[in-house]
Amino acid sequence: MADFNVNDTKEYEDRMQKSIDFLQDELNNIRAGRANPRVLDQITVDYYGVATPLNQVASITVPEPRQLLIQPWDKTLLEEIEKAILNSDLSLNPNNDGAALRLHFPTLTEERRRDLTKQVDKLGEEAKISIRNLRREYLDRAKKAEKSSEISEDELRLAEENIQKLTDKYTEKVDEKVKSKSEELMEI
């Protein structure tokens, strides 16, 4: 705890960036009605007794805006991949042509778009809470340092200003990502 530096917010900036990265990963997993190979990132298949990510056993391409084409390198995996997709929470039915799987993404209904937008807003709020918790943690450290006379009152105020600027910067990033994803969801 010793040696509190009011200008050293690097650790907290890194942790706030991790919150942003986590938010982006979560947003990438929300299906927006158009084909995005990232929606399959969570799917694993049993490959010789090992749970292996889908993108490591097949090529995934986007031949049309609302379609994914999954071509396994080992054709014996076709049924295993189909089962994994059907058991996932993606609500997609793969078409098996014997050599590859095609996933068709239906156009989202207005109601589904609104539900997904609410989900995006919730994820954004969770990211902001995480960022505000980091601010609180930093301020607690600064106040303890001031109490134990490691830093002056002026330095405490400077620390508060520094962490607030950082918090505002990352909260803005969250807002930008949420706005961008919401617009993507609402476009027809």
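Provided above is the structure to which this section pertains.
The residue numbers shown here count from 1 along each chain, following its written sequence. Restriction of local features to residues with pLDDT of at least 70 applies here, the model being predicted, together with a cutoff of 80 or more for giving and counting side-chain atom pairs; totals for whole chains, interfaces and linings are based on all residues. To get the side-chain values, all heavy atoms of the structure are used, and hydrogens and water are removed first.

Student: If you had to explain the packing of aromatic side chains to someone new, which residues and values would you point to?
Tutor: By convention, a stacked pair of Phe, Tyr or Trp rings (six-membered ring in the case of Trp) has centres within 6.5 Å and planes under 30 degrees apart, an edge-to-face pair has planes over 60 apart, and any other such pair is tilted. Inspection of the entire model under this criterion finds two aromatic pairs. Centre to centre, the rings of Tyr12 and Tyr138 are 5.2 Å apart; their planes meet at 75°, and the pair counts as edge-to-face. Note that Tyr12 is positioned in helix α1 (residues 10-28) and Tyr138 in helix α3 (residues 110-147), a separation of 126 residues in sequence. Here the two residues Tyr12 and Tyr138 agree in accessibility, since each one is buried. To qualify as a helix, a DSSP run of H or I must reach at least 4 residues; to qualify as a strand, a run of E must reach at least 2; elements of each kind are numbered from the N terminus. Throughout this description, buried means an accessible area under 20% of the type-specific maximum (1.4 Å probe, protein chains only), exposed means over 50%, and partly exposed covers the range between.

Student: How would you explain the pairing of strand β3 (residues 58-64) if you had to name every residue and give the values?
Tutor: On any regular strand, side chains alternate: one points to one face of the sheet, the next to the other face. Criterion used throughout: strands pair if DSSP finds at least two bridges between them. In the sheet, β3 pairs with strand β4 (residues 67-72) via five bridges, with the strands oriented antiparallel. Residue Ala58 lies in a different strand from β4, and its bridge partner there is Pro72. Linkage of β3 to β4, two consecutive antiparallel strands, is achieved through a turn of two residues.

Student: Requested: an account of helix α2 (residues 78-87), with residues and values cited.
Tutor: Within the sequence span of α2, burial applies to Leu78, Ile81, Glu82, Ala84 and Ile85. Viewed along the axis of α2, the buried residues span an arc of 160°, placing them on a single side of the element. Residues of α2 that are exposed and point over 90 degrees away from its buried face: Glu79 and Asn87. Each C-beta atom gives one direction from the helix axis, and the arc is the one those directions make.

Student: Tell me what's going on with the environment of Lys173, and back it up with residues and numbers.
Tutor: Tracing the sequence through the fold places Lys173 in helix α4 (residues 153-186). Between the C-alpha atoms of Lys173 and Gln71, which are 102 residues apart in sequence, the distance is 36 Å. The criterion used for residue contact is that any of the two residues' heavy atoms lie within 4.5 Å. In contact with Lys173, other than residues within four places in its own chain, are Gln17 and Ile20.

Student: So what about the nonpolar core? Which residues, and what values?
Tutor: Buried residues of nine kinds, namely Ala, Val, Leu, Ile, Met, Phe, Trp, Tyr and Cys, make up a nonpolar core once their side-chain atoms join them within 4.5 Å. Within the largest apolar cluster, 28 residues are counted, with the highest numbers of intra-cluster contacts made by Phe4, Met16, Ile30, Ile163 and Val174. The set of elements that each furnish at least two residues to this core consists of α1, α3 and α4. Ranked by the residues each element gives to this core, the list is headed by α3, at 10 residues. With residues up to four places along the chain from it excluded, the contact list for Ile163 reads Tyr12, Met16, Arg135, Tyr138 and Leu139. In terms of nonpolar packing, the next biggest core, distinct from the first, is built from 21 residues, Val57, Leu77, Leu90 and Leu92 among them.

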